[in-house]
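Here's the letter readout for the chains.
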Amino acid sequence: MKILAVDYGDARTGLAVCDATELLATPLPQIEEKSMNKAAAAIVEASRQHQVGMIVVGLPRNMDGTEGSRAQKTRKMAAIVEQAVEVPVRFWDERRTTVTAAAQLTEAGTFGKKRKDKLDSVSAAVILDSFLAWRKNHPEEA
């Protein structure tokens, strides 16, 4: 099944989608939008365009596992998306995904504006890769 991953942010939202075999997570163009409702609408549109069967939203938890204000904003945005789609919306722990994505971009030699334009979508791909690895090893729970 194709799955869309979302790394929601105040100004930029990263998106990534996997192929139907759930092997390859590919970053999509970022959503450059500060309005929560407009970002949610763009996520819904991307889910329809890519004909996904699930949306995985990165949930920003604190390092101790608790949820702060950022997680609450993410839950609110995901609720808007969930009302507009007919596919399941799941949350996935996104701790340290931006650090991992930044390291991948550094390794690829991507810096400056190009890095800023890709970081959130590469983070979404990291979220999706993590979810897909878990899903592969826990098919009864997925």
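Just so it is clear, the structure is predicted and the values come from calculations on it, not from any experiment.

Peer 1: Could you clarify how one ought to interpret the pairing of strand 4 (residues 54-59) in this entry?
Peer 2: The two faces of the sheet receive side chains in turn, since in a regular strand these alternate between them. Among the 6 residues in strand 4, 6 count as buried, and that is most of the element. In strand 4, alternate side chains face the same way, and those of Met54, Val56 and Gly58 on one face and Ile55, Val57 and Leu59 on the other are all buried. Pairing of strand 1 (residues 3-7) with strand 4, which is carried by 4 bridges, proceeds in the parallel orientation. Bridge pairing links Ile3 to Met54 in strand 4. With 5 bridges connecting them, strand 4 and strand 5 (residues 89-93) associate as parallel partners. Across the sheet, Gly58 pairs through a bridge with Trp92, a residue of strand 5. Once you follow strand 4 into helix 2 (residues 69-84) and on to strand 5, the crossover reads as right-handed.

Peer 1: I keep staring at the sheet that holds strand 1 and nothing clicks. Help me out?
Peer 2: Sheets are built from strands paired through backbone hydrogen bonds, the pairs being either parallel or antiparallel. The strand order across the open sheet built from 5 strands is 3-2-1-4-5, with neighbouring strands paired in mixed fashion. Each having just a single partner strand, strand 3 (25-32) and strand 5 make up the two edges of the open sheet. Mean inter-strand twist for the sheet, computed between neighbouring axes without regard to direction, equals 25 degrees. Sitting on the sheet, helix 2 touches strand 1, strand 4 and strand 5, and the angle it makes with strand 4 is about 165 degrees.

Peer 1: Is there a simple way to explain the pattern of salt bridges in this structure?
Peer 2: When their charged atoms lie close together, side chains carrying opposite charge are able to pair. Inspection of every chain in the model, using the stated rule, returns 6 salt bridges. A salt bridge links Asp10 to Arg70; the nearest nitrogen and oxygen atoms lie 2.6 Å apart. Taken together, the residues Asp10 in the loop between strand 1 and strand 2 (12-18) and Arg70 in helix 2 connect sequence positions 60 residues apart. When its relative accessible area of 43% is taken as the criterion, Asp10 is described as partly exposed. Taking the shortest distance from any N to any O, the salt bridge between Glu67 and Arg75 comes out at 2.7 Å.

Peer 1: Got a minute to help me understand the packing of aromatic side chains in this structure?
Peer 2: Given two aromatic rings, one states the distance between the centres and the angle between the planes to describe the pair. For the structure on display, the rule yields 3 aromatic pairs. Look at Trp92 and Phe131: their rings are 5.2 Å apart centre to centre, the planes differ by 85 degrees, and that puts the pair in the edge-to-face class. A residue pair is termed long-range when its members are at least 10 positions apart, and Trp92 in strand 5 and Phe131 in helix 4 (residues 112-137) qualify at 39 residues. The class for Phe131 is buried, based on a relative accessible area of 0%. Site record: aromatic cluster; members linked through ring pairs are Trp92, Phe131 and Trp134. In this structure, Arg75 packs its charged tip against the face of Phe91, placed 4.7 Å from the ring centre.

So, how was this worked out
Residues numbered from 1 in each chain as written. Predicted model: local features only at pLDDT ≥ 70, side-chain atom pairs only at ≥ 80, totals over all residues. Heavy atoms only, no water. Buried < 20%, exposed > 50% of the residue type's maximum accessible area, 1.4 Å probe, protein only. Helix = DSSP H or I, 4+ residues; strand = E, 2+ residues; numbered from the N terminus. Pairing = 2+ DSSP bridges. Right-handed = clockwise from strand over helix to strand, strands pointing away. Axes fitted to C-alpha atoms, helices over the stretch in contact; angles between N-to-C directions. Contact = heavy atoms within 4.5 Å. Salt bridge = Lys/Arg side-chain N within 4 Å of Asp/Glu carboxyl O. Phe/Tyr/Trp six-rings, centres within 6.5 Å; stacked < 30°, edge-to-face > 60°. Lys NZ or Arg CZ within 6 Å of the ring centre and 35° of its normal.

Keep in mind these numbers describe shape, not what the thing actually does.
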